[in-house]
Amino acid sequence: MPDWLNALLGPGFADALAYITNGKHFAWYGAFRFTILAGIFGAALALVFGLMGAAAKNARFWPLRQLGNLYTSIVRGVPDVLFFLFFPLAFEQAVEAFLARSRCTAEAIAANPGVWPPCPDANWILGTWEYLALACVSLGIIYGAFAASVIHGAMRAVPQGQLEAARAFGMSRRQVMWRIHVRQMWIYALPGLSNVWLILVKATSLLSLLQIADIVMWADRLGTPNFLTQVGFLHGDWRWRYYFVLFVFYILVTFASERGFRALTRWAGRGMLSADR
Amino acid sequence: MKKLLAAAAIVALTGTAANAQQIRLGTEGAYAPWNFMNDAGEVDGFEIELGNTICERAGLDCVWVTNEWDSIIPNLMAGNYDAIMAGMSITEERMQSIDFSEDYYPPDPSVFLMAADASFDFDNLSGVRIGVQTSTIQAGYAEENFADGNTILSYETADQAVADLSAGNIDMVMLDPPYLQPIADGSGGALKIDGPAIPIGGGVGIGLRKADDDLETTFNATLDELKADGTLDALISKWFDTGPFYSEM
């Protein structure tokens, strides 16, 4: 920094700048990518699961319809934190159980009874990226169930007259489905989906439960009081400052989402008669 | 589904094959000066330097993994890492589920941190709010001896307990002196260590899975070497200033 700027801003500013640009803070800034990736891929998967769930709930084949209903009622009923903990662990152990069948000899299993995995060779070590992938799938399954209900409702909200008119024009079942039904469904689904998206964004703050060093974990680490010069800059309990930055981040994401969904609603409603445009 | 599992199997296979000789060391990263995150955002501290020294002497390729204290023993047993170096005292209770190397920090009595103007009658403590870290030897001791008439609050990290003490939400924190002493010294006279020193725990050791006898032998041999040539004492004096030293025993 040039001297004149230093003189203008005072020595405190240079110190503060050095503090918020140290490696620990960069690790925190870098951790935002985990949250953003989890939001984007979690939402994409939630939309896929939501469409599949809604299709299942709408199916004429009875067992498939029941499967769709079972999915939405079970997953919506289980607390998301619980499911977030349950699914990655269950998946990891299922993979390890599968590996154990081919890799563990009977002697190896007998050598350490009562431990998991049955033998060290069957151990699947998960790093941050593996956990992140599992977190995205968990978010997709949880919020896919909500999205499925929203989309299912929106499908039913499309006026029957539109579908009848399409059939009267001689469209095939598939054409009615894609050109009229799904096409008009979005305008009814978007308000609900925007809600699901915002809840999903909030749930990205749970990543630290899966040993991912995410923004919440780093905010905690950076904010706890430090009394040791060996550790770095000495300060009191600053957690609220770091949590405040997270508040601001999530609020900005919310504002941006609202604008985005307004644009999407305009797009989905193009060419449709509607009072509120 | 089969294809997916096979793909996962291949990923896992290559993953473990590449790391066959790598020893994964688990730590908490929130218990300065034992282990903490330095300004560069990397794990640092007494145990990090000691662990790296042990691995270098023993010719092992080691990497550090951070894990929350709460689940540090279950995740060792689940194989997420091969050894724990996280200021963990050797106790009978823990020995039922895991093994320990010999100690690398001698037994050190636990102490209490409190506000500088506070004073308590430790012979009949009552109505006091005591902060401890979950699943520590101090937490066990406090539950056994102070639970009657006092409130015991368990925190996930030691830092959180101290933060709550500074905020005046609790009356005292019970933990290891190497963690609490620098906090009292660095608090500018706001906090002090007072009350009895309570001898619990059998020193700090490396936690290992019961089946990993070879690793335990390697660690013990290297620790013996480091104790004999004064390297370990030098590390203790570097990170804790004072401390019980092995040369004095």
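Every chain's residues receive numbers from 1 upward, in the order its sequence appears when written. By the order in which they are written, chains take letters starting at A while ligands take numbers starting at 1. Whole-chain, interface and lining totals are the exception, using all residues; otherwise, since this is a predicted model, local features are given only for residues with pLDDT of at least 70 and side-chain atom pairs are given and counted only at 80 or more. In computing side-chain properties, one takes all heavy atoms of the structure into account and sets aside hydrogens as well as water.

(A) Inspection of the overall build of chain B at higher detail. Looking only at helices and strands, chain B features nine helices and 13 strands. Computed over C-alpha atoms, the radius of gyration of chain B comes to 20 Å, within 12% of the 18 Å expected from 2.2 N^0.38 for 249 residues, which places it in the range of a compact globule. Principal axes of the C-alpha set define a box for chain B whose edges measure 65 × 50 × 35 Å. Each residue is assigned to one of three classes by its accessible area relative to the maximum for its type, calculated with a 1.4 Å probe on protein chains only: buried under 20%, partly exposed between the two thresholds, exposed over 50%. Relative to its full complement of 249 residues, chain B shows a buried share of 53%. Every residue pair with non-hydrogen atoms within 4.5 Å of one another is taken to be in contact. In chain B, of all internal contacts separated by at least 6 residues, the share reaching a separation of at least 24 is 69%. To be clear on the numbers: accessible area is Shrake-Rupley with a 1.4 Å probe, and residue cover counts the displayed protein chains and nothing else. On chain B, roughly 10600 Å² of surface is accessible, and the fraction owed to carbon and sulfur atoms is 50%. Here chain B carries 11 positive and 40 negative side-chain charges, and the mean point of each set is 11 Å from the other. A run of DSSP states H or I qualifies as a helix once it reaches four residues; a run of E qualifies as a strand once it reaches two. Both are numbered from the N-terminal end. Computation of the radius of gyration draws on C-alpha atoms, with the globule rule given as 2.2 Å multiplied by the number of residues to the power 0.38. His is not counted here, nor are the chain ends, while Lys and Arg score as positive and Asp and Glu score as negative. In plain terms, the charge of a residue is placed at NZ if it is Lys, CZ if Arg, CG if Asp and CD if Glu.

(B) Region of the structure containing helix H6 (residues 158–166) of chain B. Residue and element names in this part refer to chain B. Taken across its nine residues, H6 has eight buried, putting it largely inside the fold. Turning to H6, its buried residues number three or more, namely Ala158, Asp159, Gln160, Ala161, Val162, Ala163, Asp164 and Leu165. Phi turns positive one or two residues past the end of H6, at Gly168, with a value near 80°.

(C) Fine view of the domain arrangement of chain B. Residues and elements named next belong to chain B. Residue ranges for the domains originate in an automatic or database domain assignment. Domain annotation of chain B identifies domain 1 (2–106 + 202–240) and domain 2 (110–198). Computed from C-alpha atoms alone, the centre-to-centre distance between domain 1 and domain 2 is 27 Å. Facing the 15 residues of domain 1 at the interface are 13 residues of domain 2. Between domain 1 and domain 2, the buried area comes to about 1100 Å², and carbon and sulfur atoms account for 50% of it. Note on definitions: buried area is the accessible-area loss of two parts on being combined, 1.4 Å probe, summed for both.

(D) Structural view of the packing of helix H9 (residues 173–203) of chain A against helix H11 (residues 239–268) of chain A. All names here are of chain A. The convention used is that axes are lines fitted to C-alpha atoms, helices contributing only their stretch in contact, and that angles between N-to-C directions extend from 0 to 180 degrees. Close contact between H9 and H11 brings their axes to 10 Å; oriented N to C, the two are set at 175°. Taken as axis vectors, H9 and H11 run roughly antiparallel relative to one another. Here H9 contributes Arg183, Trp186, Ile187, Leu190, Leu193, Ser194, Trp197, Leu198 and Val201 to the contact with H11, which in turn contributes Tyr250, Val253, Thr254, Ser257, Phe261, Leu264, Thr265 and Ala268. Looking at the contact of H9 with H11 residue by residue, the classes come out as 12 nonpolar, four polar and one charged. Roughly parallel refers to an angle under 35 degrees, roughly antiparallel to one over 145, roughly perpendicular to one between 65 and 115, and oblique to any angle outside these ranges. Note on residue classes: Ala, Val, Leu, Ile, Met, Phe, Trp, Tyr, Cys and Pro are nonpolar, Asp, Glu, Lys and Arg are charged, and everything else, Gly too, is polar.

(E) Region of interest: the interface of chain B and chain A. Listed as interface residues are 36 residues of chain B and, on the opposing side, 31 residues of chain A. A combined buried area of about 2900 Å² lies between chain B and chain A, and 58% of that area is made up of carbon and sulfur atoms. One side-chain nitrogen of Lys or Arg within 4 Å of one carboxyl oxygen of Asp or Glu is enough to make a salt bridge. At the junction of chain B and chain A, the tally comes to zero salt bridges. We call two N or O atoms a polar contact when they sit within 3.5 Å, provided that within protein one can donate a hydrogen and the other can accept it, with sequence-adjacent residues counted only if both atoms are side-chain atoms. At the junction of chain B and chain A, the tally comes to eight residue pairs in polar contact (both at pLDDT 80 or more). Going through the elements one at a time, helix H1 (2–18), strand S3 (35–37), helix H3 (72–77), H6, helix H7 (177–186) and helix H9 (231–240) of chain B are the ones with two or more residues in the side of chain B that touches chain A.

(F) Representation of the sheet that holds strand S4 (residues 43–44) of chain B in the model. Residue and element names in this part refer to chain B. The pairing criterion for strands is at least two bridges between them, as found by DSSP. If you trace the three strands from one edge of the open sheet to the other, you get S2-S3-S4, paired in antiparallel fashion. Of all strands in the sheet, those bounded by a partner on one side alone are strand S2 (30–31) and S4. Where S3 and S4 come together, two bridges link them in antiparallel fashion. In the sheet register, Met37 faces S4, and the bridge partner there is Val43.

(G) Highlighting the state of the cysteines. Throughout, disulfides are identified as pairs of cysteine sulfur atoms within 2.5 Å of each other. This model, assessed by the stated rule, comprises two disulfides over all chains. Here A:Cys104 pairs with A:Cys119 through a disulfide, and the sulfurs are 2.0 Å apart. Judged by the sign of its S-S torsion, about -85°, the cystine formed by A:Cys104 and A:Cys119 is left-handed. In this pair, A:Cys104 sits in the loop between helix H5 (80–103) and helix H6 (106–111) while A:Cys119 sits in the loop between H6 and helix H7 (128–157), placing the two residues 15 residues apart along the sequence. There is no split in this pair, since A:Cys104 and A:Cys119 are both buried. Note on cysteine connectivity: B:Cys55 is disulfide-linked to B:Cys62, with sulfurs 2.0 Å apart. Classification of the bridge connecting B:Cys55 and B:Cys62 rests on its S-S torsion, roughly -85°, and on that basis the disulfide is left-handed. Considered together, B:Cys55 and B:Cys62 belong to a single accessibility category, that of buried residues.

(H) Main features of unusual backbone geometry. Residue and element names in this part refer to chain B. Of the consecutive residues Ala32 and Pro33, the connecting peptide bond is found in the cis state with omega at 0°. Assignment of secondary structure puts Pro33 in the loop between S2 and S3. Of note, Ser135 is a non-glycine position whose phi angle comes to about 55°, a positive value. When you line up the elements, Ser135 lands in the loop between strand S9 (129–133) and helix H5 (137–145).

(I) Representation of the pattern of salt bridges within the structure. Residues and elements named next belong to chain B. Per the counting criterion, the structure on display carries nine salt bridges over all chains. Across the salt bridge formed by Arg57 and Glu225, the nearest N and O atoms sit 3.1 Å from each other. Of the two residues, Arg57 sits in helix H2 (residues 46–58) while Glu225 sits in helix H8 (residues 213–228), which places them 168 residues apart along the sequence. Residue classification places Glu225 among the partly exposed residues on the basis of a relative accessible area of 41%.

(J) Quick peek at the packing of aromatic side chains. Two rings from Phe, Tyr or Trp (for Trp, the six-membered ring) form a pair when their centres are within 6.5 Å of each other. A pair whose planes differ by under 30 degrees is stacked, one over 60 is edge-to-face, and the rest are tilted. With the rule as written, the count across this model stands at 28 aromatic pairs over all chains. With centroids separated by 6.2 Å and ring planes inclined at 5°, the aromatic side chains of A:Phe83 and A:Phe87 adopt a geometry described as stacked. Highlighted residues: A:Phe83 and A:Phe87, both in helix H5, separated by four residues, approximately one helical turn. The exposure class of A:Phe87 is buried, given its relative accessible area of 16%. Each ring, one from B:Phe36 and one from B:Trp239, has its centre 6.1 Å from the other, and the planes form 65°; the classification is edge-to-face. Of this pair, B:Phe36 sits in strand S3 while B:Trp239 sits in helix H9, and the two are 203 residues apart along the sequence. B:Trp239 matches B:Phe36 in its accessibility class, with the two residues each being buried. Joined through ring pairs, the aromatic side chains of A:Phe26, A:Trp28, A:Tyr29, A:Phe32, A:Tyr242, A:Phe249 and A:Tyr250 make up one cluster.

(K) Up close: the environment of B:Thr217. All names here are of chain B. Along the chain, the position of Thr217 falls in helix H8. Looking at Thr217, the relative accessible area reads 52%, which means it is exposed. Among the polar contacts listed, one links the side chain of Thr217 to the backbone oxygen of Asp213, at a separation of 2.7 Å.

(L) A look at the nonpolar core. Core analysis: the biggest nonpolar cluster contains 51 residues, and A:Trp28, A:Phe84, A:Tyr143, A:Leu207, A:Ile212, A:Ile215 and A:Tyr242 have the highest contact counts within it. Counting residues per element, the ones that place at least two in this core are helix H3 (23–58), helix H4 (62–77), H5, H7, H9, helix H10 (215–223) and H11 of chain A. A total of 10 residues in this core trace back to one element, the largest contributor, which is H7(A). Apart from residues no more than four positions distant in its own chain, A:Trp28 is found in contact with A:Ile215, A:Trp218, A:Ala219, A:Leu222, A:Tyr242, A:Val245 and A:Leu246. We call a set of buried residues a nonpolar core when its members are Ala, Val, Leu, Ile, Met, Phe, Trp, Tyr or Cys and they connect through side-chain atoms within 4.5 Å of each other. If you look at the next biggest cluster of nonpolar residues, it comprises 47 residues, including B:Trp34, B:Phe46, B:Phe219 and B:Phe240.

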